[in-house]
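Next come the chains, spelled out residue by residue.
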Number of protein chains: 2
Amino acid sequence: MIPMLMMMKVMAASGQEDAAGLEDLATEKEAEESHRQDSVNLLTFILLLTLTILTIWLFKHRRVRFLHETGLAMIYGLLVGVILRYGNPATSHHNRSPPSCSLAKGPARSSLLLNISGKFFEYTLKGEIDSRDIHNVEQNDMLRKVTFDPEVFFNILLPPIIFHAGYSLKKKHFFRNLGSILTYAFLGTAVSCFVIGNLMYGVVKLMQVVGQLSDKFYYTDCLFFGAIISATDPVTVLAIFNELHADGDLYALLFGESVMNDAVAIVLSSSIMAYQPRGANTHMFDASAFFKSVGVFLGIFSGSFMMGAATGVVTALVTKFTKLHCFPLLETGLFFLMSWSTFLLAEACGFTGVVSVLFCGITQAHYTYNNLSVESTKRTKQLFEVLHFLAENFIFSYMGLALFTFQNHIFSPIFITGAFVAIFLGRALNIYPLSFLLNLGRRHKIKGNFQHMMMFAGLRGAMAFALAIRDTATYARQMIFTTTLLIVFFTVWVFGGGTTPMLSWLHIRVGVDPDQDPQPSADTFQVLQGDAPRAEGQSKTKQESAWLFRMWYTFDHNYLKPILTHSGPPLASTLPGYCGPLASCLTSPRAYENQEQLRDPDRSDGDLSFTFGDAAIATNGLSGDCCGGTTGWNSNGKRGGSTSEEALERELDSREQELLSRGTRLVFPIEDPI
Amino acid sequence: MIPMLMMMKVMAASGQEDAAGLEDLATEKEAEESHRQDSVNLLTFILLLTLTILTIWLFKHRRVRFLHETGLAMIYGLLVGVILRYGNPATSHHNRSPPSCSLAKGPARSSLLLNISGKFFEYTLKGEIDSRDIHNVEQNDMLRKVTFDPEVFFNILLPPIIFHAGYSLKKKHFFRNLGSILTYAFLGTAVSCFVIGNLMYGVVKLMQVVGQLSDKFYYTDCLFFGAIISATDPVTVLAIFNELHADGDLYALLFGESVMNDAVAIVLSSSIMAYQPRGANTHMFDASAFFKSVGVFLGIFSGSFMMGAATGVVTALVTKFTKLHCFPLLETGLFFLMSWSTFLLAEACGFTGVVSVLFCGITQAHYTYNNLSVESTKRTKQLFEVLHFLAENFIFSYMGLALFTFQNHIFSPIFITGAFVAIFLGRALNIYPLSFLLNLGRRHKIKGNFQHMMMFAGLRGAMAFALAIRDTATYARQMIFTTTLLIVFFTVWVFGGGTTPMLSWLHIRVGVDPDQDPQPSADTFQVLQGDAPRAEGQSKTKQESAWLFRMWYTFDHNYLKPILTHSGPPLASTLPGYCGPLASCLTSPRAYENQEQLRDPDRSDGDLSFTFGDAAIATNGLSGDCCGGTTGWNSNGKRGGSTSEEALERELDSREQELLSRGTRLVFPIEDPI
């Protein structure tokens, strides 16, 4: 939130330029006035958020669950919007329209010099103004004041939200359901996008027939709407799940899907915008343009993914091979800067910063987190938690405000009705068929009530809004923006508010210990000891259904974790012999201690595989020598904290554990199926 | 740092406007290119900071103390500046100069409409450009790219730095030396400002004589320079003091002075800018204009102080009377928003946001901090610590960069030499005479070596830079900016680097336990028991020298603390009888428990006064009932943490303790001297 709110400040700042000169008092006064006005606007938002926080405290205090803070933020935003819109019918002395000047030929440049009686002023492009609006500039000046640059949402507000989502993904349930989550996110979003896009195209055609369409609305616009509205954001539902300790798998499915489909929706919408058929026959199907779009999708997605992962890996290496953990402030600073640089790096390379930030967050949680000092793990978690909280509530309260202060709303009842039907069908054709397919391969089936809950939890939120507000230049985009806004309002209030009744109506169990397996299987150690034929069979099934994931898992455990973190088996034991020197150079001294510990006969109990996992880290010796008396880095404390955290994740599943122990080829040298 | 760095992002964002229209591909491409360029620039800064962090870790790791992170950040900034300046002699395809258009009459407005073949584009004022520079726009385009709006420093980077300073002021040594600190800050800064201003006016006159001055340089400009360069920033020195545990009183004097004189310098410089004599005879002395300036100083300072204190008080009340501490995230969010709203509120009312933020920080530390949950106290501390760290290093690395990339440097050897002499004399005439005066009243004299150290620690830093870069429109201001930059470089590197040798050369003791008094006086409890005539005499001396402070202290302890926090004596015992209902309404239930505890005979040992201070808060009962199982608010933990923290501050001094116990009229009903 800091950044975003600061932003308006910046806009203010740019009004109060030094270069205006002390002499030119009129300009200075105006700049000062504008700065003051901007302060007031920003203050309005801050007070709104403060009010939201206080009210939500009251609700939480009284255990009221039908309204989430985001829903509340929207309501307060709406109220302020109404006041701004109708409370100030006569705007005061500000309504002089700005001076205008002409240039013979375009295009518009981002800078412009203005010569006023020999003095030169530099102006920067703010945007194109609809020629209809020029005459309204006077009346709308006040309303336009509270309007942010739409890119602010994308470049400043979304990154902390998305990073936090990625950074808090480190849950065993997430990895257990990774395949299903990716299926819902990629396949499901694509299905949803095309279903909604095509249905909306039908609606648009209908509107054309009945004469309700007053400007162009292309098929690509419909697809674009399908893409942006496919980004689900069940923040309300998840908050209630969290509070009531609902089923962990369902939580992971919903959270994972919503995080991933945000990324897919962003890239999908840019690919659709990149779909520009050549020649005069625009907006008709063109195979080469289509494949170009597909290429753009794959390119941007994989590029952004790689950027994010690379930055995460670099951070992990830096935190592993330096002793920055002795100085938590430096460590946190580095972590923050590196995570942010992902965004900039991706944007600078033409990829999508927000997607990069998501994968950077996941990588940071998976590797770097293990190298941080306890102090820093807490700091980073809390820092991003606060940023995420503020950014999210800011976006939602801005949404409320936008309903009344946005200048170019186009409310089309047919389009809106059609959109509601379309998103319902799109969601249904995403969840039910895919769940059926997934259940063919899953051992823990996604039950009917889970599917209904996922269907129900298809709320739309910050991402859909940010994508819709990014471009509101054309008629079609304005209609899309208005409709998106209404869909967000409706789903957050109605579906969000109905979560608790829905949970009980669907008989979804709550009050589950999140660290516990839904079916606590006693066969975990039997499998490890290799004496359970049933488990062997299960393992086969699992293997066939998710061999790719398992291969990755082995690779991650045997090579990536040891290289990037202080945990995992020593590389010398997993790498081929000729890599010896490299292995010993990359292996953390602590990893050897893990191994010693492992071979300690006292420790070879049922917990063996956990001990050999990332969990076992020496609490004494080598690692402690770097920290002076003043730094307060507590080696025991750190490892204590890390151990439980890690053990939780490591627990994953009995099959994965078996794989794990095979992969390492140290504990149970049975034949390797891969 | 988030905000500031984000800022450039914003500048980028505003280039990539939606309204440019999909059609206008050329504009869009340019906007995209500009966005990409901005990402690259910001990335440069982030990588710079990352490099700084890694290097400084290496230095800390090796216990190298001659270079502080801020000094290092400047060096890296310099290097990048050199590369940007000389590494790209031939700028590429970007050097088309912007189009220009004319308006017949001024003044320049903050918005401008541009009509390009029927399409309207909105432009915002970026600033005036020197007519000399118009022809350089092409060559300098690249350098100008990395230039931030100067208001960014003031509105985005300074607030977190200053707030953190205020928020971490809660030290017993600070309060013990409050009188001296305020004297140095107000009187000392004024002395320094006028000494430097007058000396520099002499230098300017000299330059005029020898023909080295090529444009106007008024007396007010000299005074302005005196004001901005009087803001000391001994961040390097304080870091070393902290690390070596140097004397607590000296630390408090230096830190307190530097924090306070920042506020004074800001307001002083705005008052000097407000000095605008009427009539033709400008820039000569005009009594009415002078008194107007003094009025402006007093008005802005007290207004900003009041805004800051008021926001702090409101936050304290909100955190006291709600049970927000059950939800640390909400609490931290509220704290952050309220603290930030101070800045905006002050700016909106025409006061100085940065000054408000400072006093808000102090108020928050003094009152609100006591109401927060342990979790939130840590979160808020750490949040602002990280922000402060990043912002500070960003400013310093920007300073390094600015030396080579700023376009309008005016290096005048005479002025620079004169300035170095002037700041030396100004500092000397601030420290030595005031120390002499203060020592007349102080029981713990400020010794000679302390005075020399304070003299030596007159480093200039972020505040001087931010004030200097704010206005670089005129010749005089450009020369001031260049000189300020050089002074910052010199003092940070030379004085900062020389701190450790200086400490040993001046025989200032290090390795002091910060919680311990320099002269641990055994008379603390004798005084409390009223049987020590010597202590009584001491108390009188103290009383005469600082009665104002003591009156405030009593008032604070008896009324403000009980009203605003959960600590202090119950109001019913300090307010007159007829205020009974009000008192019981305002008193926290915990305060009564404190009283019960106090009357518990088992507790009436030597620690009595501490028990009755803010330290004693019930660990059981009433306060614990609000928090559900999920929130993890640990009543015991909180009070445990709070107790030691509070006890530390409460320890203050034996005289204050005596006063305290008298003021409450509960423990020792001896005659009240007030």
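Residues numbered from 1 in each chain as written. Chains lettered and ligands numbered in written order. Predicted model: local features only at pLDDT ≥ 70, side-chain atom pairs only at ≥ 80, totals over all residues. Heavy atoms only, no water.

Enquirer: Let's hear about the overall build of chain A: which residues, and what values?
Expert: A tally of helices and strands in chain A yields 28 helices and three strands. Buried positions account for 61% of the 674 residues belonging to chain A. Across chain A, contacts joining residues at least 24 apart in sequence account for 80% of those joining residues at least 6 apart. Accessible surface, chain A as shown: approximately 25,300 Å² in total, 63% of it carbon and sulfur. (Helix = DSSP H or I, 4+ residues; strand = E, 2+ residues; numbered from the N terminus. Buried < 20%, exposed > 50% of the residue type's maximum accessible area, 1.4 Å probe, protein only. Contact = heavy atoms within 4.5 Å. Areas by Shrake-Rupley, 256 points an atom, 1.4 Å probe, with all protein chains shown as cover.)

Enquirer: Talk me through the packing of helix α7 (residues 178-209) of chain B against helix α10 (residues 248-274) of chain B; I want residue IDs and the actual numbers.
Expert: Each pair of packed helices gets described by two things: the angle between the helix axes and the distance between those axes. Residues and elements named next belong to chain B. As a packed pair, α7 and α10 sit with axes 8 Å apart at the nearest point and diverge in direction by 45 degrees. In this view, α7 runs oblique relative to α10, as classed from their interaxial angle. Of the two elements, α7 crosses α10, and the hand of that crossing is right-handed. Contacts from S180, I181, L182, Y184, A185, F186, T189 and C193 in α7 reach A252, L253, G256, E257, M260, N261, V264, A265, L268 and I272 in α10. For the contact of α7 with α10, the class distribution of residues is 13 nonpolar, four polar and one charged. (Axes fitted to C-alpha atoms, helices over the stretch in contact; angles between N-to-C directions. Parallel < 35°, antiparallel > 145°, perpendicular 65-115°, else oblique. Left-handed = near helix turned anticlockwise from the far one by under 90°. Nonpolar A, V, L, I, M, F, W, Y, C, P; charged D, E, K, R; others polar.)

Enquirer: Now, about helix α9 (residues 235-244) of chain A: what can you tell me, with residues and values included?
Expert: Residues and elements named next belong to chain A. In terms of residue burial, α9 counts as a mostly covered element, since seven of its 10 residues are buried. Three or more residues of α9 are buried, namely V235, T236, V237, L238, I240, F241 and L244. Turning to α9, the residues buried within the fold contact α3 (69-86), α10 (248-274), α14 (374-405), α16 (448-456), α18 (475-497) and α19 (499-505). Note on α9: the residue one or two positions beyond its end, H245, has a positive phi of about 55 degrees.

Enquirer: Any chance you could break down the side chain of B:S258 for me, citing the residues and the numbers?
Expert: Within the secondary structure, B:S258 sits in helix α10. Ignoring anything within four residues of it in the chain, the contact list for B:S258 reads B:T232 and B:P234.

Enquirer: So, the state of the cysteines: which residues are in play, and what are the values?
Expert: Disulfides are covalent bonds that connect the sulfur atoms of two cysteines. Residue and element names in this part refer to chain A. By the definition in use, this model includes zero disulfides over all chains. C360 carries a free sulfur, and the closest cysteine sulfur to it, the one in C349, is 14 Å from it. Among the residues examined, C360 registers a relative accessible area of 0% and is labelled buried. (Disulfide = S-S within 2.5 Å.)

Enquirer: Quick rundown of the packing of α10(A) against helix α11 (residues 287-321) of chain A? Include the residues and the values.
Expert: Residues and elements named next belong to chain A. It is the contact of α10 with α11, at a shortest axis distance of 8 Å, that shows an interaxial angle of 145 degrees. For the pair α10 and α11, the crossing hand works out as right-handed. In this structure, α10 uses A263, V264, V267, L268, S270, S271 and A274 to contact α11, whose residues at the interface are K292, S293, V296, F297, I300 and F301.

Enquirer: So what about the side chain of B:S341? Which residues, and what values?
Expert: Structurally, the position occupied by B:S341 is in helix α12 (residues 328-348). Assessed through its relative accessible area of 5%, B:S341 is described here as buried. Not counting chain neighbours up to four residues away, the residues in contact with B:S341 comprise A:L43, A:I46 and B:T311.

Enquirer: Go over the packing of aromatic side chains, please, and point to the residues and values.
Expert: All names here are of chain B. The full count for this structure, using the stated rule, is 62 aromatic pairs over all chains. The interplanar angle of 20 degrees and the centroid separation of 5.9 Å between the aromatic rings of F297 and F301 together place this pair among those described as stacked. Separated by four residues within a single helix, F297 and F301 lie in helix α11 (residues 287-321), roughly one turn from each other. Accessibility expressed as a relative area gives 10% for F301, which makes it buried. Measuring from ring centre to ring centre gives 6.2 Å for F335 and F384, while their planes differ by 65 degrees; the resulting arrangement is edge-to-face. On the criterion of sequence distance, the pair formed by F335 in helix α12 and F384 in helix α14 (residues 374-405) is long-range, its members being 49 residues apart. (Phe/Tyr/Trp six-rings, centres within 6.5 Å; stacked < 30°, edge-to-face > 60°.)

Enquirer: So what's going on with a nonpolar patch on the surface? Residues and values would help.
Expert: All names here are of chain B. The grouping of L199, V421, F424, L425 and L429 at the surface amounts to a nonpolar patch, some 430 Å² of accessible area in total. Top contributing element to the nonpolar patch by residue count: helix α15 (residues 413-441), with four residues. Note on placement: L199 falls in helix α7. Look at L199 and you get partly exposed, because its relative accessible area is 34%. (Patch = residues over 30% accessible without salt bridge, like charges linked within 9 Å, V, L, I, M, F, W, Y side chains within 5 Å. Salt bridge = Lys/Arg side-chain N within 4 Å of Asp/Glu carboxyl O.)

Enquirer: How would you explain the environment of A:A263 if you had to name every residue and give the values?
Expert: Residues and elements named next belong to chain A. Following the sequence through the fold, A263 ends up in helix α10. Residue A263 is classed as buried on the basis of its relative accessible area of 1%. It is 15 Å that separates the C-alpha atoms of A263 and T363, two residues lying 100 residues apart in sequence. Residues within four places of A263 in sequence aside, it is in contact with F301, V355 and L358.

Enquirer: An account of the pattern of salt bridges is requested, with residue identities and associated values reported.
Expert: All names here are of chain B. Per the stated rule, a full pass over the model turns up 10 salt bridges over all chains. A salt bridge links E257 to R427; its shortest N-O distance comes to 3.0 Å. Here E257 is found in helix α10, whereas its partner R427 is found in helix α15, with 170 residues between them in sequence. Classification of E257 as buried rests on a relative accessible area of 1%. Overall, R427 belongs to the buried group, its relative accessible area being 4%. A salt bridge links E375 to R379, with the nearest nitrogen and oxygen atoms 3.3 Å apart. With E375 and R379 both in helix α14 and four residues apart, the pair spans about one turn of that helix. Judged by its relative accessible area of 32%, E375 is partly exposed.

Enquirer: How would you explain the confidence of the model for chain A if you had to name every residue and give the values?
Expert: Residues and elements named next belong to chain A. Summary statistics for chain A give a mean pLDDT of 73 and a share of 66% for residues scoring 70 or more. Segment residues 135-139 is flagged for pLDDT under 50; beyond a separation of four residues in sequence, or across chains, it makes six contacts in the model. A low-confidence stretch, residues 517-545 stays under pLDDT 50, and its non-local contacts, those more than four residues away or across chains, total 42 contacts. For this predicted complex, the interface score ipTM comes out at 0.76, alongside a pTM of 0.77. (pLDDT = per-residue confidence, 0-100.)

Enquirer: Which residues make up the environment of A:S356, and what values do they have?
Expert: Residues and elements named next belong to chain A. Mapped onto the elements of the fold, S356 is located in helix α13 (residues 353-371). Classification of S356 by relative accessible area gives buried; the value is 0%. Once the C-alpha coordinates of S356 and L345 are considered, the two residues, 11 residues apart in sequence, prove to be 8.9 Å apart. Ignoring any residue separated from it by four or fewer positions in sequence, one finds S356 in contact with S304, M307, G308, T342 and A346. Within the structure, the side chain of S356 is placed 2.8 Å from the backbone oxygen of S304, a separation counted as a polar contact. (Polar contact = N/O pair within 3.5 Å; in protein donor to acceptor, adjacent residues only side chain to side chain.)

Enquirer: Please give an account of unusual backbone geometry that cites residues and values.
Expert: Residue and element names in this part refer to chain A. Backbone geometry at H507 places phi at a positive 55 degrees, although glycine is not the residue there. Assignment of secondary structure puts H507 in the loop between α19 and α20 (524-528). For H507, a relative accessible area of 69% puts it in the exposed group.

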